[in-house]
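Each chain, letter by letter, is given below.
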Amino acid sequence: MTYRGHLVGGAASAIAVCYAVGAQGPVAIGATGVALFASLLPDIDHSGSWLGRRLLPLHYLLRWLLSNPLTWMAFGRKRIKQLAQHRGFTHTLLAMGIMMVLFGSLVYLLLELAIDSGYPINWFLGDGTALSFGGRLGAHMQSTLVLTLAFVLGYASHILLDMMTVAGVQVMMPWSTRKYHLLPKMLRVRVRGANTHT
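Predicted model only: the values in this text are computed from it and were never measured. (Residues numbered from 1 in each chain as written. Predicted model: local features only at pLDDT ≥ 70, side-chain atom pairs only at ≥ 80, totals over all residues. Heavy atoms only, no water.)

Chemist: Whenever I open this one, the overall build of the chain confuses me. Can you help?
Modeler: Helices and strands together make up the secondary structure of the chain, namely 9 helices and 0 strands. Within the span of the chain, comprising 198 residues, buried residues form 43% of the whole. Restricting the contact set of the chain to residue pairs at least 6 apart, pairs at least 24 apart contribute 64%. Total accessible area on the chain is roughly 10900 Å²; 68% of this is exposed by carbon and sulfur atoms. (Helix = DSSP H or I, 4+ residues; strand = E, 2+ residues; numbered from the N terminus. Buried < 20%, exposed > 50% of the residue type's maximum accessible area, 1.4 Å probe, protein only. Contact = heavy atoms within 4.5 Å. Areas by Shrake-Rupley, 256 points an atom, 1.4 Å probe, with all protein chains shown as cover.)

See the structure below:
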């Protein structure tokens, strides 16, 4: 799938999140940016991808983590080769869960730090009533939840779109190497070109 196709999936995720929770204003704009970024993030495992070329240090960090001897001991050398390939680890449910926790924690900590430091971020947070849920939650917690939900849906849209292709995705790695597809064989999308991520 091309990065443009994944961006469409990310935009659809952002619209779904904002509509579902009633997000408005700066939180909705932030959720859109987060979903668009997350919709490209799984392809960071491919140095030729649109995001991989722009965040090359992150690509190399991922490669280093997957080639680390401790990782080999945990999963086995053969499994690591499968995880390190394109549509490997970053296209799994495990990676999505790890990224969700890391992203949500980072957003929460940054908003807490900004509030404690006295930075004027009320323009972003609002009064906590911009959302149609979470009456008891603070404004920063509501914003964290919306941004994390946008991140997860954007990330999931990438995996789901790749599951519509002929190649499929091994979403259950490292436990299973089975490739999963969303569409029947005759409807699967064949992406042309050697580099479909540019």
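Chemist: Looking at this structure, I do not really get helix 9 (residues 139–162). What am I missing?
Modeler: An α-helix turns once every 3.6 residues. As a result, residues three or four positions apart point the same way. Compared with the 34 Å implied by 1.5 Å per residue over 24 residues, the 35 Å span of helix 9 between its first and last C-alpha is a close match. Counting buried residues along helix 9, 19 of its 24 residues qualify, which places the element largely inside the surrounding structure. (Expected span 1.5 Å × (residues − 1).)

Chemist: Please clarify how the nonpolar core should be interpreted in this entry.
Modeler: In globular proteins that are soluble, nonpolar side chains generally tend to be buried together. Ala23, Val146, Phe151, Tyr155 and Ile159 are the most contacted members of the largest nonpolar core, which has 34 residues in total. Secondary-structure elements contributing two or more residues to this core are helix 1 (3–21), helix 2 (25–40), helix 7 (93–116) and helix 9. Among all residues touching isoleucine 159, those that are not within four sequence positions of it are His91, Thr92, Met96, Val169 and Val171. (Core = buried A, V, L, I, M, F, W, Y, C linked by side-chain atoms within 4.5 Å.)

Chemist: Looking at this model, I keep getting lost on the side chain of threonine 144. Mind explaining?
Modeler: Structurally, threonine 144 is set in helix 9. Setting aside its immediate chain neighbours within four residues, threonine 144 contacts Gly104, Val107, Tyr108 and Leu111.

Chemist: Quick question: what am I supposed to make of the environment of arginine 4 here?
Modeler: Checked against the element boundaries, arginine 4 lands in helix 1. Separated by 36 residues in the primary sequence, arginine 4 and leucine 40 place their C-alpha atoms 9.2 Å from one another.

Chemist: Explanation requested: the packing of helix 1 against helix 2 in the structure shown.
Modeler: When two helices pack together, their arrangement is captured by the angle between the axes and the distance separating the axes. The interhelical angle for the contact between helix 1 and helix 2, taken along N-to-C directions, is 145°, at an axis separation of 8 Å. Read as a crossing pair, helix 1 and helix 2 show a hand that is right-handed. Contacts between helix 1 and helix 2 pair Tyr3, His6, Leu7, Gly10, Ala11, Ser13, Ala14 and Cys18 from the former with Ala28, Ala31, Thr32, Ala35, Leu36, Ser39 and Leu40 from the latter. (Axes fitted to C-alpha atoms, helices over the stretch in contact; angles between N-to-C directions. Left-handed = near helix turned anticlockwise from the far one by under 90°.)

Chemist: Explanation requested: the side chain of threonine 148 in the structure shown.
Modeler: Tracing the backbone shows threonine 148 in helix 9. On the accessibility criterion, threonine 148 (12% relative accessible area) is buried. A polar contact is formed between the side chain of threonine 148 and the backbone oxygen of threonine 144, at a distance of 2.8 Å. Among all residues touching threonine 148, those that are not within four sequence positions of it are Met100, Phe103 and Gly104. (Polar contact = N/O pair within 3.5 Å; in protein donor to acceptor, adjacent residues only side chain to side chain.)

Chemist: How should I be thinking about the packing of aromatic side chains in this particular structure?
Modeler: Centre-to-centre distance and the angle between the planes together describe a pair of aromatic rings. In the structure shown here, the tally under the stated rule is 2 aromatic pairs. Pairing phenylalanine 103 with phenylalanine 151 gives two aromatic rings, centres 4.5 Å apart and planes at 10°, and the pair type is stacked. With a gap of 48 residues between them, phenylalanine 103 in helix 7 and phenylalanine 151 in helix 9 connect regions that are remote in the sequence. By way of ring pairs, the aromatic residues Phe103, Phe151 and Tyr155 are connected into one cluster. (Phe/Tyr/Trp six-rings, centres within 6.5 Å; stacked < 30°, edge-to-face > 60°.)

Chemist: I keep staring at helix 7 and nothing clicks. Help me out?
Modeler: For helix 7, built from 24 residues, the straight-helix expectation of 34 Å at 1.5 Å per residue is met to within 8% by its first-to-last C-alpha distance of 34 Å. Among the residues making up helix 7, those that are buried are Ala95, Met96, Phe103, Gly104, Val107, Leu111 and Ala114. Once helix 7 ends, the next one or two residues include glycine 118, with phi positive near 80°.

Chemist: Where do I start with a nonpolar patch on the surface in this structure?
Modeler: On the surface, Leu106, Leu110 and Leu113 cluster together into a nonpolar patch covering about 290 Å² of accessible area. Of note, leucine 110 is situated in helix 7. In this structure leucine 110 comes out as partly exposed when scored by relative accessible area, which is 49%. (Patch = residues over 30% accessible without salt bridge, like charges linked within 9 Å, V, L, I, M, F, W, Y side chains within 5 Å. Salt bridge = Lys/Arg side-chain N within 4 Å of Asp/Glu carboxyl O.)

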